[in-house]
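Listed below, chain by chain, are the residues.
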Amino acid sequence: MNRFTAYIYTCFPNLRLNRGLALVFLLFSAIPASGVQAELPPATRWADPSSVRLDVEFPGEGYHATWNMARCDCGDLLIESELSAPGEVESGESMLVGGRVVLSRGFGDTDAELLGNSLDAPALMMQLVLSLLERVAPDGPSASAGNSEIAFEEPLNPIHLDSGGAAGSFWAPWSVKGTIKAPTESQREFDFHFRFSTGNPGEELIGSMRLWGTADYAKKSFPVEPLSALDDWVVSWRDEEDPAKAAADDVQTLQALRKLLQQTK
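Described in the following lines is the structure provided in the data block. What you see is a predicted model; the values in this text were computed from it and never measured.

1. Remarks on the pairing of strand β11 (residues 206-216)
Strand direction decides the pairing type here: strand β2 (residues 51-57) and β11, joined by 7 bridges, are antiparallel. Bridging across to β11, Glu57 finds its partner in Arg210. The pairing of strand β10 (residues 187-197) with β11 spans 11 bridges and is classified as antiparallel. Of the residues in β11, the one forming a bridge with Gln187 is Asp216.

Take a look at the structure:
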């Protein structure tokens, strides 16, 4: 565990690791990305973007994360990460394939078990953003076509987050202030200052963070081609007993891995 990861667990004492095998990955919905090119349909949900850039400024000085996330029509998810702590910057890519395999590269000598959990932090933070968007703008992104000032306070209900690999809660009272903007027909920008209780219910310990970024609902090509080689990726299985693992040694490309996973459901 690097210093940045350890810091996150210090900041959020209600965050816990799950040892379950399944990844309940709510970063995006399971619905394929739609080819939105003009005005967003009224039924578009905040959870429906094809790509998201998310920046998080954590409590303390110099702790910052940038995540660029892209979703494939096949359901796979790519996350480019840059994590900054005082005197330390870590960057790399993680890809969730078939909900069962995590491919990682660029993270240096990080332990393979941690690479397998490299999607948890962005998953939790994106769930938090989606929860806030749904609370402050429940009619969805199509109803947020202009520029909106946001000020919302919740005195009672906490926010519960779960990526399958980690879970946590932000206890009430919590509040959010900021803006939602529409720079294009298909994009929605958000900039939130989020204040929350870091203790158990009823405790008066207040923390805060800033979350900002852009959700794009237009269809885009997935950044990793199907025939991309797996040579420079570290492969981590969400379930060490996965029936596909034994047959994966000879798999050379992303396309072949996807096929193997489909054949061994």
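Anyway, onward from the coordinates.
2. Some points on the packing of aromatic side chains
This structure, assessed with the given rule, holds 6 aromatic pairs. Residues Phe170 and Phe196 carry aromatic rings whose centres are separated by 4.8 Å and whose planes lie at 75° to one another, so their mutual orientation is edge-to-face. Separated by 26 residues along the polypeptide, Phe170 in strand β9 (residues 166-181) and Phe196 in strand β10 bring together distant segments of the chain. Classification of Phe196 as buried rests on a relative accessible area of 2%. Taken together, the ring pairs in this structure connect Phe152, Phe170, Trp174, Phe194 and Phe196 into an aromatic cluster. Its guanidinium or amino end placed over the ring of Trp212, Arg210 lies 3.9 Å from that ring's centre, counting from NZ or CZ.

3. Overview of helix α4 (residues 254-263)
For α4, the full list of buried residues reads Leu254, Leu257, Arg258, Leu260 and Leu261. All buried residues of α4 project into a common sector of 160° when viewed along the axis, lining one side. Every exposed residue of α4 that faces more than 90 degrees away from the buried side is listed here: Lys259, Gln262 and Gln263. Looking at the buried positions of α4, the neighbouring elements they touch are β5 (88-97), β6 (101-105) and β12 (234-237).

4. Observations regarding the pattern of salt bridges
Within the structure shown, the criterion is met by 11 salt bridges. In this structure, the salt-bridge partner of Lys219 is Asp73, at a minimum N-O distance of 2.1 Å. Of this pair, Lys219 sits in the loop between β11 and β12 while Asp73 sits in the loop between β3 (64-71) and β4 (77-85), and the two are 146 residues apart along the sequence. Judged by its relative accessible area of 39%, Lys219 falls in the partly exposed class. With a relative accessible area of 38%, Asp73 lands in the partly exposed category.

5. Details of helix α3 (residues 120-136)
The terminal C-alpha atoms of α3, which comprises 17 residues, lie 24 Å apart, in line with the 24 Å expected from a rise of 1.5 Å per residue. Of all 17 residues in α3, 14 are buried, a share of seventy percent or more.

6. Describing the side chain of Thr264
Looking at where Thr264 falls in the secondary structure, it is placed in the segment after α4. Other than its neighbours up to four places away in sequence, Thr264 contacts Arg100, Pro243 and Ala244.

7. Quick word on the nonpolar core
Of all hydrophobic cores here, the largest spans 45 residues; its most connected members are Leu54, Trp67, Met125, Leu128 and Phe194. At the level of elements, β2, β3, β4, α3, β8 (159-162), β9, β10 and β11 are the ones that each hand at least two residues to this core. Ranked by residues supplied to this core, first place goes to α3 with 9 residues. Contacts of Leu54, omitting those with residues within four sequence positions, involve Ala65, Thr66, Trp67, Met69, Met125, Met126, Val129, Phe190, Leu211 and Trp212. Val97, Val224, Leu254 and Leu257 belong to the second-largest nonpolar core, a separate cluster that totals 19 residues.

Basis of the calculations
Residues numbered from 1 in each chain as written. Predicted model: local features only at pLDDT ≥ 70, side-chain atom pairs only at ≥ 80, totals over all residues. Heavy atoms only, no water. Pairing = 2+ DSSP bridges. Helix = DSSP H or I, 4+ residues; strand = E, 2+ residues; numbered from the N terminus. Phe/Tyr/Trp six-rings, centres within 6.5 Å; stacked < 30°, edge-to-face > 60°. Buried < 20%, exposed > 50% of the residue type's maximum accessible area, 1.4 Å probe, protein only. Lys NZ or Arg CZ within 6 Å of the ring centre and 35° of its normal. Arc of directions from axis to C-beta. Contact = heavy atoms within 4.5 Å. Salt bridge = Lys/Arg side-chain N within 4 Å of Asp/Glu carboxyl O. Expected span 1.5 Å × (residues − 1). Core = buried A, V, L, I, M, F, W, Y, C linked by side-chain atoms within 4.5 Å.

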